[in-house]
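Topology and contacts: notes
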Amino acid sequence: MHILIAPNAFKNSLSAQVAAAALAKGVSQSSLNCTTECFPIADGGDGTAQLIIQKLKGEVIPVTVTDPLGRPVKTSFGLIDGGQTAVIEMADASGLRLLKTDELNPLRASSYGTGEMIKAALDTGARKIIIAMGGSATVDGATGILSALGARFLDATGNPLIHLPESLSQLESIDLSGLDNRLAGCEVVVLCDVDNQLLGDNGAAAVFGPQKGADAAAVKLLDAGLAKLSEVVMKTTGKNMAAIKYGGAAGGASAGVYALLNAKLVNGINYLLDITGFDDALQKAQLVITGEGSIDEQTLQGKGPFGVASRAKAKGLPVIGVAGKIPLESNERLSQYFDVLLAIGHGPADIATALADTEKNLIRTGQSIGNMLKM
Ligand SMILES: O=C(O)[C@H](O)CO
């Protein structure tokens, strides 16, 4: 039997690579006679660019940019296709993981550093830029990214707004005359980790603002600011940031680059699976194991394990989903994609212990899966 092991990262615990290796180790310690292939995945959020760059054997270009609070951060992006295409991870410059809990400041956090990475990519001569968006600390509708690339966000007196995104409700016009003209000849593709739209109860501020430190008042202010941005963008470009699917990803940065850089917004997991040749790996498999920190109804909204499971199911393959948390009761919708769902925990544990034990839990779960299949 050949098993394809394709988990997402286990948030706050293990990268997708380590999770896949742990499951494979467990299976190899079982009594099952089988071969395995590790195919770690990501859905646009943290780790996506790294996986693409690794899989496509890209060149890593080091760069120093500014973090969400304007401090220098050493990071990198990748070049693939012989240098024609740059692959950027927004979270490397503007990610939540760059801030300590007491530094979270969604009213001021800026995506400027991601714009600096785009600029650095243009400097290499890249003609296409893939940006993985998710895991961000910002809710600025890409105003930071665009400012780094030369756009100016102006108030009623024609002065540039300071303290974005907090001041967005004073936006009156956008000056695009200074926008880096190399962007005109460059295709921008954004890999989105969620399909939420920009505004409202299901939008960037309301759903993802709280995890970036926004209280109820800040969520309201940010949502109103993004609505104002959308209104002015509509006047300036005729493009509707508020209506685009995926526009709520990464604090609306996806919607901003869609409207002002003509970026194409796509489902992160599907793009990753396509570009990394997942279907070829699937071709050889008789069983697929995928997983993530939690597998529940939300998984079906385009998350990584869902992307993997739907492709496996399209080929009639059995799928085992492993997660720290799974629904208590069996769920008909989930069963259409996951033949078996396994919780990896070995007993009652607080979150900190569960996170610390994830690797061991995955090894043991992999071994149990192998032994069960052998039976
Ligand atoms: O960055 C974020 O806001 C979330 O990952 C959703 O895209």
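Parameters at a glance
- Residues numbered from 1 in each chain as written.
- Predicted model: local features only at pLDDT ≥ 70, side-chain atom pairs only at ≥ 80, totals over all residues.
- Heavy atoms only, no water.
- UniProt positions renumbered as here; feature names shortened; annotations may be inferred.
- Helix = DSSP H or I, 4+ residues; strand = E, 2+ residues; numbered from the N terminus.
- Contact = heavy atoms within 4.5 Å.
- Domains from an automatic or database assignment.
- Salt bridge = Lys/Arg side-chain N within 4 Å of Asp/Glu carboxyl O.
- Polar contact = N/O pair within 3.5 Å; in protein donor to acceptor, adjacent residues only side chain to side chain.
- Nonpolar A, V, L, I, M, F, W, Y, C, P; charged D, E, K, R; others polar.
- pLDDT = per-residue confidence, 0-100.
- Buried < 20%, exposed > 50% of the residue type's maximum accessible area, 1.4 Å probe, protein only.
- Pairing = 2+ DSSP bridges.
- Axes fitted to C-alpha atoms, helices over the stretch in contact; angles between N-to-C directions.
- Core = buried A, V, L, I, M, F, W, Y, C linked by side-chain atoms within 4.5 Å.
- Near = heavy atom within 4 Å.
- Areas by Shrake-Rupley, 256 points an atom, 1.4 Å probe, with all protein chains shown as cover.

The name given to the protein chain in an unreviewed UniProt entry is Glycerate kinase, with the source organism recorded as Mucilaginibacter pankratovii. For the record of the protein chain, the UniProt heading Sequence similarities (unreviewed entry) holds the text "Belongs to the glycerate kinase type-1 family."

1. A closer look at the environment of V219
By the secondary structure assignment, V219 is in helix 7 (residues 216-237). Separated by 165 residues in sequence, V219 and Q54 have C-alpha atoms that sit 37 Å apart. With near-sequence residues (within four places) excluded, V219 lies in contact with A205, A206, P210 and A214.

2. Regarding the domain arrangement of the protein chain
Once the domains are mapped, the protein chain shows domain 1 (2-39 + 277-374) and domain 2 (48-269). Relative placement of domain 1 and domain 2: their C-alpha centres are 32 Å apart. Across the boundary between the two partners, domain 1 contributes eight residues, which contact seven residues of domain 2. For the interface between domain 1 and domain 2, the tally reads zero salt bridges. The interface formed by domain 1 and domain 2 holds one residue pair in polar contact (both at pLDDT 80 or more) in total. Residue composition of the side of domain 1 that touches domain 2, by class: one nonpolar, five polar and two charged.

3. Some details on the confidence of the model for the protein chain
Residues at a pLDDT of 70 or more form 100% of the protein chain, whose mean pLDDT is 97. Scored as a complex, the prediction yields pTM 0.93 and ipTM 0.99.

4. Quick notes on unusual backbone geometry
With an omega of 5 degrees, the peptide bond between L164 and P165 qualifies as cis. At D81, a position not held by glycine, the phi torsion is positive, near 55 degrees. Topologically, D81 is positioned in the loop between strand 4 (72-80) and strand 5 (85-89). Residues other than glycine seldom take positive phi values, yet Y246 does so here, at roughly 80 degrees. Structurally, Y246 can be placed in the loop between helix 7 and helix 8 (253-261). Among the residues examined, Y246 registers a relative accessible area of 13% and is labelled buried.

5. Thoughts on the sheet that holds strand 9 (residues 187-192)
The strand order across the open sheet formed by six strands is 3-4-5-6-9-10, and the pairing between neighbours is mixed. The sheet terminates laterally at strand 3 (59-66) and strand 10 (264-267), the two strands that pair on one side only. Here the strands of the sheet are splayed against their neighbours by 25 degrees on average, with no regard to which way each runs. Sheet analysis places strand 3 next to strand 4, joined by eight bridges and oriented antiparallel. Bridge pairing links T66 to P72 in strand 4. Packing of helix 2 (residues 48-55) onto the sheet brings it into contact with strand 3, strand 4, strand 5, strand 6 (128-133) and strand 9, and relative to strand 5 it is tilted by some 145 degrees. The sheet strands contacting helix 9 (residues 268-275) are strand 4, strand 6, strand 9 and strand 10, and the helix crosses strand 10 at an angle near 85 degrees.

6. Observations concerning the nonpolar core
Across soluble globular proteins, nonpolar side chains have a tendency to be buried as a group. Residues F77, I118, I129, M133 and L229 are the most contacted members of the largest nonpolar core, which totals 64 residues. Residues within four places of I118 in sequence aside, it is in contact with I88, I129, I131, I145, L149 and L183. Formed by 35 residues, the second largest nonpolar core is a distinct cluster that contains I80, I130, Y271 and L273.

7. Section: the site of the ligand
Residues in close proximity to the ligand include G134, G135, S136, D193, V194, F208, K212, A249, A250 and G251, which together make up its full environment. The separation between an oxygen atom of the ligand and a polar side-chain atom of S136 is 2.7 Å. Burial of the ligand by the protein amounts to 96% of the accessible area it has alone, namely 230 Å². Within the shell around the ligand, the residues separate by chemical class into four nonpolar, four polar and two charged.

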